[in-house]
Amino acid sequence: LNYGFLNASYASLSLKEEILDGEKVFRATSIGKTTGLARLFFKVDDIYETFFSLDNVKPIKSIRDIYEGGYEREAETKYDYESNTAFFYDKLKNINKEFKIHSEIQDIISTFYYLRKHLDISLLKPNDLIYVDIFFDKEIYPFKMMFLGKERIKTKFGLVECLKLRPYMESGRVFRDNEGIKIWVTNDENRVPIKVKADLRVGSIVANLVSFRGLANPFKIVVSE
């Protein structure tokens, strides 16, 4: 992730099989850290994790362990779809709370895998909206994202055809407006994030994919370089 000429941080997303409560599940882990000069001014160490079943992307358990410039949160959420209840546990404050959810809820990490597996892009036209309800930090957020069409992106791997998407984020302290983020993912079965551009109130951040491994499907390159 680059902020202007600075290499501000890095992020990774990984998926592996694991046993949870006697059942084989997927464990998705997202890690983000500031680096170099950015870390001196604003230290970030974030870990987000989600557990979901092998055949149906629906969060079973979510973990949030973050440190952002002095702000800390260490929390765990478990989901019961028989009672449609999320059991939230704040580990730092030793607080347990229950929240009503619905059977189609996602969390901040599972949303990517849910759209990757279940969304049929062939049915979308440019400017169509995609809707997902996300449970995050004790609240349900109605998330929406616009499909902007297809675009070829020049990458370190070559020219890659991508699906261009615009998630709508809350504007204000961080983002310049609620349309300030664009995401490009590969137009293949992998749906790998290739590039993210976020317009902030001051400047912008650009993230580019630098490495990948273990993809289930061929990585399609239009022109190798």
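What this report covers is the structure whose coordinates are included nearby. Keep in mind that this is a model prediction, so the values were computed, not measured.

## What about the overall build of the protein chain?
So, point 1. When its secondary structure is counted, the protein chain shows 2 helices and 16 strands.
So, point 2. Taken over C-alpha atoms, the radius of gyration comes to 18 Å for the protein chain, in line with the 17 Å a tight globule of 225 residues would show.
So, point 3. Residues counted as buried form 38% of the 225 residues belonging to the protein chain.
So, point 4. Within the protein chain, counting contacts between residues at least 6 apart in sequence, those at least 24 apart form 37% of the total.
So, point 5. When the accessible surface of the protein chain is split by element, carbon and sulfur atoms take 52% of a total near 13400 Å².

## Notes on empty space enclosed by the protein
So, point 1. Under the defined criterion, the tally for this structure stands at 1 cavity of 30 Å³ or more.
So, point 2. By volume, the largest cavity is sized at about 170 Å³.
So, point 3. Lining the largest cavity are 19 residues, with S62, R64, T77, F136 and D137 sitting closest to its centre.
So, point 4. Residue assignment for the lining of the largest cavity shows that the elements contributing at least two residues are strand 5 (44-53), strand 6 (59-68), strand 7 (71-80) and strand 10 (129-136).
So, point 5. By residue number, the principal contributor to the lining of the largest cavity is strand 7, which donates 5 residues.
So, point 6. Of the residues assigned to the lining of the largest cavity, the class counts are 9 nonpolar, 3 polar and 7 charged.

## Describing the sheet that holds strand 9 (residues 95-100)
So, point 1. The strand order across the open sheet formed by 7 strands is 3-4-5-6-7-8-9, and the pairing between neighbours is antiparallel. The open sheet terminates on both sides in strands that have one partner only, identified here as strand 3 (9-20) and strand 9. On average, each strand axis in the sheet is inclined to that of its neighbour by 15°, with strand direction left out of account.
So, point 2. As judged from the 9 bridges shared by strand 4 (residues 23-34) and strand 5, these two strands associate in the antiparallel manner. Residue pairing for strand 5: K33 is matched across the bridge by D45.
So, point 3. Here helix 2 (residues 110-118) sits on the sheet in contact with strand 3, strand 4, strand 5 and strand 6, set at roughly 75° to strand 3.

Calculation notes
Residues numbered from 1 in each chain as written. Predicted model: local features only at pLDDT ≥ 70, side-chain atom pairs only at ≥ 80, totals over all residues. Heavy atoms only, no water. Helix = DSSP H or I, 4+ residues; strand = E, 2+ residues; numbered from the N terminus. Rg over C-alpha atoms; globule rule 2.2 N^0.38 Å. Buried < 20%, exposed > 50% of the residue type's maximum accessible area, 1.4 Å probe, protein only. Contact = heavy atoms within 4.5 Å. Areas by Shrake-Rupley, 256 points an atom, 1.4 Å probe, with all protein chains shown as cover. 1 Å grid on protein atoms, 1.4 Å probe; cavity = no way out; pocket = protein on both sides within 12 Å on 5 of 7 lines; lining within 4 Å. Points joined across faces, edges and corners; volume = space filled by probe spheres on them. Nonpolar A, V, L, I, M, F, W, Y, C, P; charged D, E, K, R; others polar. Pairing = 2+ DSSP bridges. Axes fitted to C-alpha atoms, helices over the stretch in contact; angles between N-to-C directions.

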